[in-house]
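Take a look at the letters that make up each chain.
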Amino acid sequence: MDKFYINGQWVAPHSAARMGVENPATEEIVAQVALGDQADIDAAIAAARAAFDSWTVRPVAERIAVLRRVLEIYNERSEEFAQVMSTEMGAPIEWSRGAQVWAGQVHIEATLKAAEAFHWEEMRGTTRIIREGIGVCALITPWNWPMNQIACKVAPALVAGCTMVLKPSEIAPMSGVFFAQVCHDAGVPAGVFNLVNGTGPDVGARMSSHPDVDMVSFTGSTRAGTAVAAAAAPTVKRVAQELGGKSPNIILPSADLEAAVKAGVAGCFGNTGQSCDAPTRMFIHRSQHDQALEFARAAADEVVVGDPRDKGTTMGPLISKAQFDKVQGLIQAGIEEGATLVCGGLGRPAGMNRGWFAKPTIFGHVTHEMTISREEIFGPVLSILPYDSIDDAVRMANDTPYGLAAYIAGSVEEAKPVARRLRAGTVNLNYPDWDTFAPFGGYKQSGNGREYADWGIHDFCEVKGVVGWGA
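The rules we used
- Residues numbered from 1 in each chain as written.
- Predicted model: local features only at pLDDT ≥ 70, side-chain atom pairs only at ≥ 80, totals over all residues.
- Heavy atoms only, no water.
- Buried < 20%, exposed > 50% of the residue type's maximum accessible area, 1.4 Å probe, protein only.
- Helix = DSSP H or I, 4+ residues; strand = E, 2+ residues; numbered from the N terminus.
- Pairing = 2+ DSSP bridges.
- Axes fitted to C-alpha atoms, helices over the stretch in contact; angles between N-to-C directions.
- Contact = heavy atoms within 4.5 Å.
- Parallel < 35°, antiparallel > 145°, perpendicular 65-115°, else oblique.
- Left-handed = near helix turned anticlockwise from the far one by under 90°.
- Nonpolar A, V, L, I, M, F, W, Y, C, P; charged D, E, K, R; others polar.
- Expected span 1.5 Å × (residues − 1).

K.L.:
Break down the pairing of strand S15 (residues 361-364) for me, with residues and values.
P.N.:
Consecutive side chains along a regular strand alternate between the two faces of the sheet. Burial along S15 is two-sided: the face carrying Thr361 and Phe363 and the face carrying Ile362 and Gly364 are both buried. Of the pairings in the sheet, the one linking strand S14 (residues 340-343) to S15 comprises 3 bridges and is antiparallel in character. For threonine 340, the partnering residue across the bridge sits in S15 and is glycine 364. Two strands pair when backbone bridges link them, and S15 and strand S16 (residues 381-387) are joined in this way by 3 bridges, in the parallel orientation. Looking across to S16, one finds that isoleucine 362 is bridged to leucine 382.

K.L.:
Account for the sheet that holds S16, with residues named and values stated.
P.N.:
Across the sheet, 7 strands lie side by side as S14-S15-S16-S13-S12-S18-S19; this open sheet has mixed pairing. Since the sheet does not close on itself, it has two edges, and those belong to S14 and strand S19 (426-429), each with one partner. Looking at each pair of strands side by side, their axes are set apart by 25° on average, direction ignored. Of the pairings in the sheet, the one linking strand S12 (residues 248-251) to strand S13 (residues 281-285) comprises 4 bridges and is parallel in character. Note on S13: the bridge partner recorded for isoleucine 250 is phenylalanine 283. Its contacts with the sheet place helix H13 (residues 390-398) against S12, S13 and S16, and it is angled at close to 140° to S16.

K.L.:
Lay out the packing of helix H1 (residues 38-56) against helix H7 (residues 200-209) in plain terms, naming residues and giving numbers.
P.N.:
Contact geometry for H1 and H7: axes closest at 9 Å, N-to-C directions at 40°. Here H1 lies oblique to H7, going by the angle between them. Crossing of H1 over H7 shows right-handed handedness. Along its contact with H1, which presents Gln38, Ile41 and Asp42, the element H7 presents Val203, Arg206 and Met207. Taken together, the residues that form the contact of H1 with H7 break down as 3 nonpolar, 1 polar and 2 charged.

K.L.:
Now, about helix H9 (residues 257-269): what can you tell me, with residues and values included?
P.N.:
Taking 1.5 Å per residue, 13 residues should reach 18 Å; H9 reaches 18 Å between its end C-alpha atoms and fits that length. Contacts from the buried residues of H9 go to S12, S13, helix H10 (289-301), S15, S16 and strand S18 (405-409). Directly after H9, the chain includes asparagine 271, whose backbone phi takes a positive value near 60°.

Written out as structure tokens, the structure reads:
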């Protein structure tokens, strides 16, 4: 944790600055991570720039083979990744294995399959269309889905022929360090993949503004995303962003109300509510609203908050004291603004006196103007809002600065026209399985660009037209 991976080697950082990594379930410092500075970033970017010319002309089949080896080693070490993410995030161990580690695996698999079928070159009339790696990429990933986001950026960048510098979140950096070792052991050529740890205002800002970086791929808050875009603007580099969300979940009258509500609660509370696409606003027809509250309460009662190491635990802590305090403040706002507290509320669950554990919280009779309906909470807090008509539900669902995801439950034929009206990058009908080949990204302030499979590969490519090729 005290070294960076630059140009195929683990090297001592230029800076002596260190930061403690906290286990949020115990509030104990479990590691120290080095914090990079400008010299560290310059060295990593220089290594990526030097490696680009030889890597980007390697045949696609060879780049795919390298990524396939990365996947093999990642899978071999899956339990190590599960344990480290459970420690750095407080994720329940079964969730860490079945969701966090799994996400990295399936995204690399999807990228491999997409890369093999990708149209890297094609003829359009007499012009040869060539898709090639954009260049040196700065990859900035968040703490809430570490391997999901690292895989969604590194895998397509590698097969596209890019070189890169990864900055994982300094709050949960250990899994990123493990991934760097996987890349090394898989034979990723020196300089193609580099890792520097550090804070967003220091390392992230320098990466975003660096003149030798051709693209920034950022996942995080909308506030931080605007800072990344502003830093990147003077050098006119490509910026791909996956940012915040306040996803609506419209339960149609045709839905099985109990099943739809319980699935919606589970979707909101998964990963302790710390997912940008979580269905945090549930819209219920007014005639069914009070019944829905009882179903929601019953679903919340089934959540087991506890020690992440216990296989029976289904919800762990929030990531940090800062996040805990933010969630508590928004719960307080919901109470003060007159929403009905169905379950949960302020403070830790009964019997817990340490760790950043929050109570699974549900509010009913929420109005569209309330703070808990407007602001991204990023915690286990669900707002249930009544609606009088489909038009009413769609209007409220779209009246948000975000547009990452949306959910609809009910008759598929009834849901389809509603899906067309929702302003979101992904609309999920009846809680489908995770589709790693669907485009993932947002409208409005939820970002730009798309990730997953061939969608992600496209984002890391430039398009060249050689006119007269076939004349």
